Amino acid sequence: MVLPEGFVLPPWYLLVPLLAVLFGVVALLWSLEPPVTDRTVLAFAPWMMVGATLHVFYRREMYPDVVAVLFATPSVYLVTATVAGLLWIVGLFLQAGGIWKTSDRFLGGIGAGVFVAAVSILVATSVGTGTFRPLWLIVIVVLTVVVTALTWFGLSIWFTDVAAVTGATGALVVFGHTLDGISTAVGYDFLGAREEVPASRLILEAGGALPTAEFIGAGWLFVLVKVALAAVILGLFREYVEVEPKRARLVLAFIAAIGLGPGVHNVLLFMVG
């Protein structure tokens, strides 16, 4: 099995319009050719987290049946990308008209507001059902910040050009994949969570087969692989960012999303039981 468990495509009468709108948004952005900087990538970060939060709603069966499939994997990320892309376009026109200072602030500000509102709903419903467990949220976030800081410090010391060139976008890549790695490890070792992605499950099983598993669990190997992979990717992209900064940052933003999205999803799912 190659695809993760829970991979569900919506029926054609929902998928086709969704893809049509998404391709239209991409085409319009292609024609507008907006600048893509570190600030732009950071403005999309809340939307990466919004997509993950909306999928937690799906896992908790909080949507009407008629639209629920749109918030399964992978369609929830297509929906989120479409909405974020539309808002980016609106922000670009507002900036051009002098109504808003920058499109990045418009996009990021709305994304942050939507994320906070969505998490507030999750917290309220989980408190009401008695399943709210914030401890693991705190543990995972603290560990992620510490490991990310140490990794970025190491890159800044030994690979200064990589850290300097990739900038905040590179830091987001490291943070996102560290969060995914640590949340997966905590879930696997302490909460009895079952990994849904086959490749990740193989790494976790390999960690469990090592003699160290009895003392420090199996998840540490997965964390190590995720952090190392993020660092290697940034090293490989250094020259690309220098030559084609716009395209390189777009690709790195996607790479950050496939770490940050699942990581946030894990943390929120553990938090609300």
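Worth saying up front: this structure is predicted, and the values here are computed from it rather than measured.

Undergrad: Let's hear about the packing of aromatic side chains: which residues, and what values?
TA: Centre-to-centre distance and the angle between the planes together describe a pair of aromatic rings. Applying the stated criterion to the full structure yields seven aromatic pairs. The interplanar angle of 80° and the centroid separation of 5.3 Å between the aromatic rings of W100 and F106 together place this pair among those described as edge-to-face. Owing to a relative accessible area of 38%, W100 belongs among the partly exposed residues under this scheme. Accessibility expressed as a relative area gives 11% for F106, which makes it buried. Taken together through their ring pairs, the aromatic side chains of F57, Y63 and F71 make up a single cluster.

Undergrad: Can you tell me about the layout of surface pockets, naming the residues and giving the values?
TA: Its volume calculated, the second largest pocket comes out at about 150 Å³. If you trace the second largest pocket, you find it lined by M49, F115, V119, L137, V141, F175, L179, V264, V267 and L268. Sorting the residues of the lining of the second largest pocket by element identifies α5 (103–129), α6 (135–158), α7 (160–190) and α11 (245–271) as the ones contributing at least two each. It is α11 that contributes the most residues to the lining of the second largest pocket, three residues altogether. Per-class residue counts for the lining of the second largest pocket are ten nonpolar, no polar and no charged.

Undergrad: How would you sum up the nonpolar core? Please name residues and give values.
TA: Grouped together as the largest cluster of nonpolar side chains are 65 residues, with contacts concentrated most on L234, L252 and L268. At the level of secondary structure, the elements contributing two or more residues to this core comprise α1 (12–32), α2 (38–59), α4 (75–96), α5, α6, α7, α10 (219–243) and α11. For L268, the contacting residues outside a window of four places in its chain are T53, V56, F115, V119 and L122.

Undergrad: Residue-level account of the side chain of S103, with values.
TA: Looking at the element boundaries, S103 is found in helix α5. Since its relative accessible area comes to 5%, S103 is described here as buried.

Undergrad: Please give an account of the packing of α7 against α11 that cites residues and values.
TA: In the contact formed by α7 and α11, the axes pass within 8 Å of each other and the chain directions differ by 30°. When the interaxial angle is binned, α7 and α11 end up roughly parallel. Relative to α11, α7 is oriented so that their crossing is left-handed. Looking at the contact of α7 with α11 residue by residue, the classes come out as 14 nonpolar, nine polar and two charged.

Undergrad: How would you summarise the side chain of S183 if you had to cite specific residues and measurements?
TA: Checked against the element boundaries, S183 lands in helix α7. Of the polar contacts made by the side chain of S183, one reaches the side chain of N266; its length is 3.0 Å. Beyond its immediate sequence surroundings of up to four residues, S183 is in contact with I140, G263, N266, V267 and F270.

Analysis parameters
Residues numbered from 1 in each chain as written. Predicted model: local features only at pLDDT ≥ 70, side-chain atom pairs only at ≥ 80, totals over all residues. Heavy atoms only, no water. Phe/Tyr/Trp six-rings, centres within 6.5 Å; stacked < 30°, edge-to-face > 60°. Buried < 20%, exposed > 50% of the residue type's maximum accessible area, 1.4 Å probe, protein only. 1 Å grid on protein atoms, 1.4 Å probe; cavity = no way out; pocket = protein on both sides within 12 Å on 5 of 7 lines; lining within 4 Å. Points joined across faces, edges and corners; volume = space filled by probe spheres on them. Helix = DSSP H or I, 4+ residues; strand = E, 2+ residues; numbered from the N terminus. Nonpolar A, V, L, I, M, F, W, Y, C, P; charged D, E, K, R; others polar. Core = buried A, V, L, I, M, F, W, Y, C linked by side-chain atoms within 4.5 Å. Contact = heavy atoms within 4.5 Å. Axes fitted to C-alpha atoms, helices over the stretch in contact; angles between N-to-C directions. Parallel < 35°, antiparallel > 145°, perpendicular 65-115°, else oblique. Left-handed = near helix turned anticlockwise from the far one by under 90°. Polar contact = N/O pair within 3.5 Å; in protein donor to acceptor, adjacent residues only side chain to side chain.

Geometry only, nothing functional implied.
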